[in-house]
Amino acid sequence: MTVLTRSRSAKIFAGIALLSASALIVSGCSSTPNAEPSEGGGDKPAADLTLKLGSLLPATGSLSFLGAPMEAGVQLAVQDVNEAAAGVTIDLTTADEGDLDNKAYETSITNLQNAGITAMVGAASSSVTKLILDGNAGAGILTVSPSNTSPDFSGINPLYFRTAPSDNLQGEVLGNEIAEDGHKTLGIIYQNDPYGTGLYEAIKATFEGTGGEVVAAESYNQGDGQFNAQVAAVAAAKPDAVAVVSYDQFATIAPLLGNAGVDTGSLYLVDGNLKDWGTDVSVNLEGSKGTRAGAELPQDFLDQLNEVWTAEGNDPIDAVTYSAEAYDAVILIALSALQAGSVEGADIAEQMGPVSSGSGDGEKCKTFAECAEIINGGGTADYDGLSGEITFDENNDPKGAAIGVYEFNAENATTRIK
């Protein structure tokens, strides 16, 4: 996996300003909502819209290794929407999310709102989303996160959706995996924020529900650089296994655990730190496991991700975490705008449920072009994306999701095993 450095990733995001079709529509934001379709069905777009879309994703900070795959997913989706020329053209503005330490999001969200966006993909971090969501909602901006997993976000705001499942599901899968591996006692180190506490609680509840015991649980705050006290407390309890709920702090925590006598082949990771660590972690992780949301992705999608990303002069990406969720977020926003005949955030939000579910009797479709043809022909589209079926429930969460289980080999690289 390619890990972005702060300096290079900042240049990547700074160089991306706009994706457009060959002839960008610059005048008029919408046509009459419910425009009449052509008699042939699908030949004439039901609307003629220019959607000002923003992305707030991490180019710097502790989640920067996730920035490239998610931003590539956004770019690929924008390209597919614009090339379809089916009634929606996306004008994309990107910005760096950063993290709670460098606070890049503070300037970025102001710039995005000043750019006149009415919908946004991001933020990646649950903590950042909590800080910017009220401002976005007050400005009428639809916010769709590809990676917020905190249980706190279920039903939090009618202008908020997410294409990633709640940590309740990931925590359940990981807790059961730890128990199935024969462990009876567990230590947990987790970051003290909505993401970390949500996963900690779900892992603990599930593992103890199987008859296991969490013998030590230690938290830290984002921005902390020292984890000796947490590691010492967990190691002293002598657990069979240790779960680490973190971002890139894992690179520091894992060697400390090894030095304290913890078996680094019995660690359990989560989506925030699961990647091919290689030599970036100085201990052997062979046998350790982790979970991450998302279905197995087709090779042609991965090839297209790299094609659109490297076209901007960026290095190829090996990581794909939340790339499909970011792609699907853009497609759902665009389809909802087309269905609404409007690019206003509230109007798009009203259609996010229907285009993801077909209102119970829609026609299944897997690409923007296919779904747009159905909408333009007067039908009801039911989009099934790369990350799954993504039918939104009453809380604007996706119903069900695939959670993959991965195992580390001797090279500290991961392979999906379930």
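Just above sits the structure.
Residues numbered from 1 in each chain as written. Predicted model: local features only at pLDDT ≥ 70, side-chain atom pairs only at ≥ 80, totals over all residues. Heavy atoms only, no water.

A look at the sheet that holds strand β14 (residues 414–416)
Working step 1: Pairing is mixed across the open sheet formed by seven strands, whose spatial order is β7-β6-β8-β9-β10-β13-β14. The sheet is open, and its two borders are formed by β7 (213–220) and β14, each paired with just one other strand. Each adjacent strand pair in this sheet contributes to an overall mean axis angle of 25°, direction not counted.
Working step 2: Bridge analysis of strand β10 (residues 289–293) against strand β13 (residues 403–408) gives five bridges, and the strand direction is antiparallel. (Pairing = 2+ DSSP bridges. Helix = DSSP H or I, 4+ residues; strand = E, 2+ residues; numbered from the N terminus. Axes fitted to C-alpha atoms, helices over the stretch in contact; angles between N-to-C directions.)

What to know about the sheet that holds strand β2 (residues 88–96)
Working step 1: Pairing is parallel in the open sheet, where five strands are placed in the order β2-β1-β3-β4-β5. In this open sheet, the two strands that pair with only one neighbour each are β2 and β5 (160–162). Neighbour-to-neighbour, the strand axes of this sheet turn through a mean angle of 25°, independent of strand direction.
Working step 2: In the sheet, strand β1 (residues 49–57) pairs with strand β3 (residues 119–122) via four bridges, with the strands oriented parallel. Along β3, the bridge assignment pairs Leu53 with Ala119.

Some details on the state of the cysteines
Working step 1: Scanning all chains against the criterion turns up one disulfide.
Working step 2: Disulfide pairing is shown between Cys365 and Cys371; the S-S distance is 2.0 Å. Across the S-S bond linking Cys365 and Cys371, the dihedral sits near 105°, which makes this disulfide right-handed.
Working step 3: For Cys371, a relative accessible area of 0% translates into the label buried. (Disulfide = S-S within 2.5 Å. Buried < 20%, exposed > 50% of the residue type's maximum accessible area, 1.4 Å probe, protein only.)

A few points about the pairing of β3
Working step 1: Pairing of β3 with strand β4 (residues 142–145), which is carried by three bridges, proceeds in the parallel orientation. Bridged to Met120 within β4 is Thr143.
Working step 2: With helix α4 (residues 126–138) bridging β3 and its parallel neighbour β4, the resulting β-α-β unit is right-handed. (Right-handed = clockwise from strand over helix to strand, strands pointing away.)

Things to note about the packing of helix α10 (residues 323–340) against helix α11 (residues 345–357)
Two quantities define a packed helix pair, namely the angle between the axes and the distance from one axis to the other.
Working step 1: In contact at an axis separation of 8 Å, α10 and α11 are set at 105° when each is read in the N-to-C sense. One element, α10, and the other, α11, form an angle in the roughly perpendicular class. Counting all contacts with α10, which are made through Leu332, Ile333, Leu335, Ser336, Ala337, Gln339 and Ala340, the residues of α11 involved are Asp347, Ile348, Gln351, Met352, Val355 and Ser356. (Parallel < 35°, antiparallel > 145°, perpendicular 65-115°, else oblique. Contact = heavy atoms within 4.5 Å.)

Quick look at the packing of aromatic side chains
Working step 1: Applying the stated rule across the entire model yields seven aromatic pairs.
Working step 2: A centroid spacing of 5.6 Å and a plane angle of 40° characterise the contact between Phe250 and Trp277, whose relative ring orientation is tilted. On the criterion of sequence distance, the pair formed by Phe250 in helix α8 (residues 250–259) and Trp277 in the loop between β9 (267–269) and β10 is long-range, its members being 27 residues apart.
Working step 3: Given a relative accessible area of 0%, Phe250 falls into the buried group.
Working step 4: Exposure remark for Trp277: the relative accessible area of 4% places this residue in the buried category.
Working step 5: Relative to Tyr327, the ring of Phe301 lies with its centre 5.7 Å away and its plane at 85°, an arrangement referred to as edge-to-face. One end of the pair, Phe301, is in helix α9 (residues 299–310); the other, Tyr327, is in helix α10, with 26 residues separating them in the sequence. (Phe/Tyr/Trp six-rings, centres within 6.5 Å; stacked < 30°, edge-to-face > 60°.)

Quick word on the side chain of Ser356
Working step 1: With respect to the element layout, Ser356 can be found in helix α11.
Working step 2: Owing to a relative accessible area of 0%, Ser356 belongs among the buried residues under this scheme.
Working step 3: Within the local environment of Ser356, its side chain forms a polar contact with the backbone nitrogen of Phe392, the two atoms lying 3.2 Å apart.
Working step 4: Not counting residues up to four positions away in its chain, the partners in contact with Ser356 are Leu332, Asp382, Tyr383, Glu389, Ile390, Thr391 and Phe392. (Polar contact = N/O pair within 3.5 Å; in protein donor to acceptor, adjacent residues only side chain to side chain.)

Some words on the pattern of salt bridges
Working step 1: Counted under the stated rule, the structure contains 10 salt bridges.
Working step 2: Among the ionic pairs, Glu180 bridges to Lys418, the shortest N-O distance being 3.2 Å. Residue Glu180 is found in helix α5 (residues 167–180), and its partner Lys418 is found in the segment after β14; the two are separated by 238 residues along the sequence.
Working step 3: The exposure class assigned to Glu180 is exposed, which follows from its relative accessible area of 56%.
Working step 4: Exposure remark for Lys418: the relative accessible area of 48% places this residue in the partly exposed category. (Salt bridge = Lys/Arg side-chain N within 4 Å of Asp/Glu carboxyl O.)

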